[in-house]
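The lines below spell out each chain.
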Amino acid sequence: MKDAITYCYYKPDELEYLTNVLKYISYKYNVPISRVRDCLNSSIRPFNNTSLTYTNELYNSLYNNGHSLSLKDFLERVVYYLIRVKKKGRLF
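For the structure given in this document, a descriptive report is provided here. Quick caveat, the model's predicted, so the values are computed rather than measured.

Attention shifts here to unusual backbone geometry. At Asn-30, a residue that is not glycine, the phi angle is positive and equals roughly 55°. Mapped onto the elements of the fold, Asn-30 is located in the loop between helix 2 (18-29) and helix 3 (33-43). Given a relative accessible area of 70%, Asn-30 falls into the exposed group.

Structure follows, in structure tokens:
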């Protein structure tokens, strides 16, 4: 997930098509795209299963009024939050 967020942070245009992000990560780790997609979807499962409300701005932007987030929506919300907070500074 860290690689996907970092890749999208520095190349926000790649968020238009999720397959570009998945292809990059699968090439980097030499694994199939389906495995990358499954791993990333399982990493956002806790956000989709929670019903708690948080006071943190990032958690509030991730909480989708009880609806589950898709992988693309999750990446978009996290990356746009980081761009707004960091103002294009170094992420890691």
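That was the structure; now back to the text.
The next subject is helix 1 (residues 2-10). For helix 1, the buried fraction is high: 7 of the 9 residues fall into the buried class. For helix 1, the full list of buried residues reads Asp-3, Ala-4, Ile-5, Thr-6, Tyr-7, Cys-8 and Tyr-9. Where helix 1 is buried, its residues touch helix 2, helix 3 and helix 6 (71-86).

Among the nonpolar cores identified, the biggest contains 21 residues, and Val-21, Leu-40 and Leu-75 are the most heavily contacted of them. Every element with two or more residues in this core is listed here: helix 1, helix 2, helix 3 and helix 6. Here this core gets 7 residues from one element, more than from any other, and that element is helix 6. Discounting residues that sit within four places of it in the chain, Leu-75 has contacts with Met-1, Ala-4, Ile-5, Cys-8, Leu-15 and Leu-18.

Definitions and cut-offs
Residues numbered from 1 in each chain as written. Predicted model: local features only at pLDDT ≥ 70, side-chain atom pairs only at ≥ 80, totals over all residues. Heavy atoms only, no water. Helix = DSSP H or I, 4+ residues; strand = E, 2+ residues; numbered from the N terminus. Buried < 20%, exposed > 50% of the residue type's maximum accessible area, 1.4 Å probe, protein only. Contact = heavy atoms within 4.5 Å. Core = buried A, V, L, I, M, F, W, Y, C linked by side-chain atoms within 4.5 Å.

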